[in-house]
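What follows is the residue order along each chain.
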Amino acid sequence: MHVAEWNSEPVVVSHAPTGPPRMWRLWAAAAGTGHTDAVRTVAAGRWAARPVFASGGADRTVRLWDAATGRPLGQAFTEHAAEVTHVAFTGPHRDILLTGDGSGVVLRRQFRAGTPRSEPLTRLESRIAGIGTADLDDRTLVGVATEDGTFRIWDAVTSEPHAELHIGADMAVRRADLGVLDGRPVALTIADDRSGDCESPTLTLWDVSAGEPLYEPMTVPEECEVGTLTMLDGRLAVIHGIDAGENHHPEQATDVQVIDVATRRVLGRHRHKRGWSYHATIARSAGGTVVLVAAENWVAVMNPYDMGGPDIEEFEYAGHNAFVDCVATADVAGRTIVASCDRGNDVQFWDLDTQERLRPL
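Bear in mind the structure is a predicted one, so any value in this text is a computation, not a measurement.

A.B. asks: Could you give an account of the overall build of the chain, naming the residues involved and the relevant values?
C.D. replies: The number of helices and strands found in the chain is one helix and 30 strands. At a minimum sequence separation of 6, the contacts of the chain that also span at least 24 residues come to 44%. Summed over its atoms, the accessible surface of the chain is roughly 15600 Å², and 46% of this surface lies on carbon and sulfur atoms.

If you want it as structure tokens, here you go:
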């Protein structure tokens with residue numbers, strides 16, 4: 001038997017297959033309980049007054065999951081006509097779901113009066129490079145950056161335009177995020193210079209209100225796959241990464257770096273034993289704050305303040321059989337639950353402190 005969800009209620013489905021885990025994943029996807037292709041993005045928020053994760057994938061669907069159990073909630077959202085590349089929760093209660101796809105469409109969803117309601121936020125002419133959110137004292141903002149060098153920002157509740165950043169006509173944005181520093185919105189971009197003046201990508205922090213960089217842009221290695229703004233023990237921090245594999249700039253001793261935005265001081269440097277890093281986030285464990293890094297088939301958990309050398313991760317979660325593209329965390333009754341998603345259509349949920357996987361099947 002298999003326990004699934006129908007209209008947010010658990011039901012029992014029989015005739016589940018026997019065999020290796022791959023057969024279970026294929027059957028679960030066919031039964032409507034999971035993705036049928038690579039999972040590109042995941043975020044934590046609230047839906048119908050409960051903590052949830054939302055995931056989006058190459059199958060052009062968005063799926064909701066109960067963060068306490070790992071069970072799917074309801075049916076998949078199928079409005080997107082291209083692969084879903086970004087999901088984010090925003091709003092004062094983190095209950096507004098934003099989803100963006102490969103064609104530049106961004107949808108805004110809310111659960112109201114017992115019904116999910118969807119409306120378009122925008123349709124952009126260029127591919128989405130990042131969706132970020134920022135909570136100010138009087139409003140919540142959402143920003144959408146596109147590869148053509150534009151970062152558009154709206155009020156998350158009213159959808160009214162707030163600001164627009166122009167990164168540069170010759171800049172191709174590959175990563176972007178939004179945060180708050182001293183009560184004002186700050187944006188992050190990692191972009192390639194298409195003019196050829198600079199061979200390496202540049203990481204820039206922007207004062208959104210002024211429309212100008214906060215500091216002089218810094219160069220990052222070409223292999224930089226991680227770029228995110230996050231709150232680290234009350235301070236705004238940047239996490240950015242590079243590939244530290246032997247065949248890709250082995251002279252670089254760092255593949256994940258944590259920087260205090262206000263002081264520009266490096267708080268932590270990490271070189272783990274895996275090659276490619278794809279995504280990173282901050283979470284609270286029983287032992288304190290940690291950095292979670294999606295690195296090939298693993299999720300490495302590290303001390304964000306460690307300035308040590310290789311192989312310094314506290315532990316690795318090794319439950320995936322394909323490259324892990326994204327990771328998110330949710331607080332559920334005092335427990336930190338992690339959602340990690342891979343290119344083989346697998347979404348896994350596990351307890352950060354015990355490393356035990358939630359098994360809804």
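A.B. asks: Explain unusual backbone geometry to me, and be specific about the residues and the numbers.
C.D. replies: Even without glycine at this site, Ala 333 takes up a positive phi of about 55°. Summarising the element assignment, Ala 333 is placed in the loop between strand 28 (324-332) and strand 29 (335-342). Even without being a glycine, Asn 345 presents a positive backbone phi close to 80°.

A.B. asks: Talk me through the sheet that holds strand 22 (residues 256-260); I want residue IDs and the actual numbers.
C.D. replies: Sheet architecture is open: four strands sit in the order 20-21-22-23, paired in antiparallel fashion. Of all strands in the sheet, those with a lone pairing partner are strand 20 (226-232) and strand 23 (266-270), marking the two edges. The sheet shows a mean angle of 15° between the axes of neighbouring strands, direction not considered. Judged from the four bridges that link them, strand 22 and strand 23 form a sheet pairing that is antiparallel. If you follow Val 256 over to strand 23, its bridge partner there is His 270.

A.B. asks: How would you explain the packing of aromatic side chains if you had to name every residue and give the values?
C.D. replies: Evaluation of the coordinates by the stated rule reveals six aromatic pairs. Here the aromatic rings of Phe 53 and Phe 349 are separated by 5.7 Å at their centres, their planes lie at 35°, and the arrangement is tilted. Pair noted here: Phe 53 is in strand 4 (residues 50-57) and Phe 349 is in strand 30 (residues 347-351), with a separation of 296 residues, a long-range link. When the ring of Tyr 317 is compared with that of Trp 350, the centres are 4.1 Å apart and the planes differ by 5°; the resulting orientation is stacked.

A.B. asks: Tell me what's going on with the sheet that holds strand 4, and back it up with residues and numbers.
C.D. replies: The antiparallel open sheet is built from four strands, whose spatial order is 3-4-5-6. Two strands lie at the open edges of the sheet, namely strand 3 (39-47) and strand 6 (72-77), each paired on one side alone. Neighbouring strand axes in the sheet, compared pairwise and without regard to direction, differ in orientation by 20° on average. Strand direction decides the pairing type here: strand 3 and strand 4, joined by eight bridges, are antiparallel. In the sheet register, Thr 41 faces strand 4, and the bridge partner there is Gly 56.

A.B. asks: Explain the pairing of strand 7 (residues 84-90) to me, using residue names and the numbers behind them.
C.D. replies: Two faces make up the sheet, and in a regular strand the side chains alternate between them. Counting buried residues in strand 7 gives seven out of seven residues, a clear majority hidden from the surface. Sheet topology places strand 7 next to strand 8 (residues 96-101); six bridges connect them, and they run antiparallel. Following the sheet pairing, Phe 89 is matched in strand 8 by Leu 97. Between strand 7 and strand 8, which pair antiparallel and follow one another directly, the connecting turn spans five residues, one of which, Gly 91, has a positive phi of 95°.

A.B. asks: Any chance you could break down the nonpolar core for me, citing the residues and the numbers?
C.D. replies: With 17 residues, the main nonpolar core has Phe 151, Leu 165, Leu 178 and Ala 187 as its most contacted residues. Contributing elements (two or more residues each) for this core: strand 11 (128-135), strand 12 (140-146), strand 13 (150-155), strand 15 (171-181) and strand 16 (184-193). Sort the elements by how many residues they give to this core and strand 15 lands first, with four residues. Here Ala 187 is in contact with Phe 151, Leu 165, Asp 177, Leu 178, Thr 204, Leu 205, Trp 206, Val 208 and Leu 229, once residues within four sequence places are set aside. Membership of the second largest hydrophobic core comes to 15 residues, among which are Cys 326, Ala 328, Val 332 and Ala 339.

A.B. asks: Give me the pattern of salt bridges: which residues, what numbers.
C.D. replies: Two side chains carrying opposite charge are able to pair once their charged atoms lie near each other. In the structure shown here, the tally under the stated rule is 17 salt bridges. A salt bridge links Asp 325 to Arg 40; the shortest N-O distance between them is 3.4 Å. Taken together, the residues Asp 325 in strand 28 and Arg 40 in strand 3 connect sequence positions 285 residues apart. Under the relative-accessibility criterion, Arg 40 is labelled partly exposed at 32%. Put simply, Arg 94 and Asp 135 hold a salt bridge, and the shortest N to O gap is 3.2 Å.

A.B. asks: An account of the side chain of Thr 90 is needed here, citing residue identities and associated values.
C.D. replies: Inspection of the secondary structure assignment puts Thr 90 in strand 7. Overall, the relative accessible area of 1% leaves Thr 90 in the buried class. Residues contacting Thr 90, with those up to four places away along its chain left out, are Asp 95, Ile 96, Leu 98, Thr 133, Thr 140, Leu 141 and Ala 156.

A.B. asks: Tell me about the environment of Glu 222, residues and numbers included.
C.D. replies: Relative to the helices and strands, Glu 222 is located in the loop between strand 19 (218-219) and strand 20. For Glu 222, a relative accessible area of 53% puts it in the exposed group. With 30 residues separating them in the primary sequence, Glu 222 and Asp 192 have C-alpha atoms 8.6 Å apart. In this view, Glu 222 contacts Arg 174 and Pro 201; residues no more than four positions away in its chain are not counted.

Criteria and thresholds
- Residues numbered from 1 in each chain as written.
- Predicted model: local features only at pLDDT ≥ 70, side-chain atom pairs only at ≥ 80, totals over all residues.
- Heavy atoms only, no water.
- Helix = DSSP H or I, 4+ residues; strand = E, 2+ residues; numbered from the N terminus.
- Contact = heavy atoms within 4.5 Å.
- Areas by Shrake-Rupley, 256 points an atom, 1.4 Å probe, with all protein chains shown as cover.
- Pairing = 2+ DSSP bridges.
- Axes fitted to C-alpha atoms, helices over the stretch in contact; angles between N-to-C directions.
- Phe/Tyr/Trp six-rings, centres within 6.5 Å; stacked < 30°, edge-to-face > 60°.
- Buried < 20%, exposed > 50% of the residue type's maximum accessible area, 1.4 Å probe, protein only.
- Core = buried A, V, L, I, M, F, W, Y, C linked by side-chain atoms within 4.5 Å.
- Salt bridge = Lys/Arg side-chain N within 4 Å of Asp/Glu carboxyl O.

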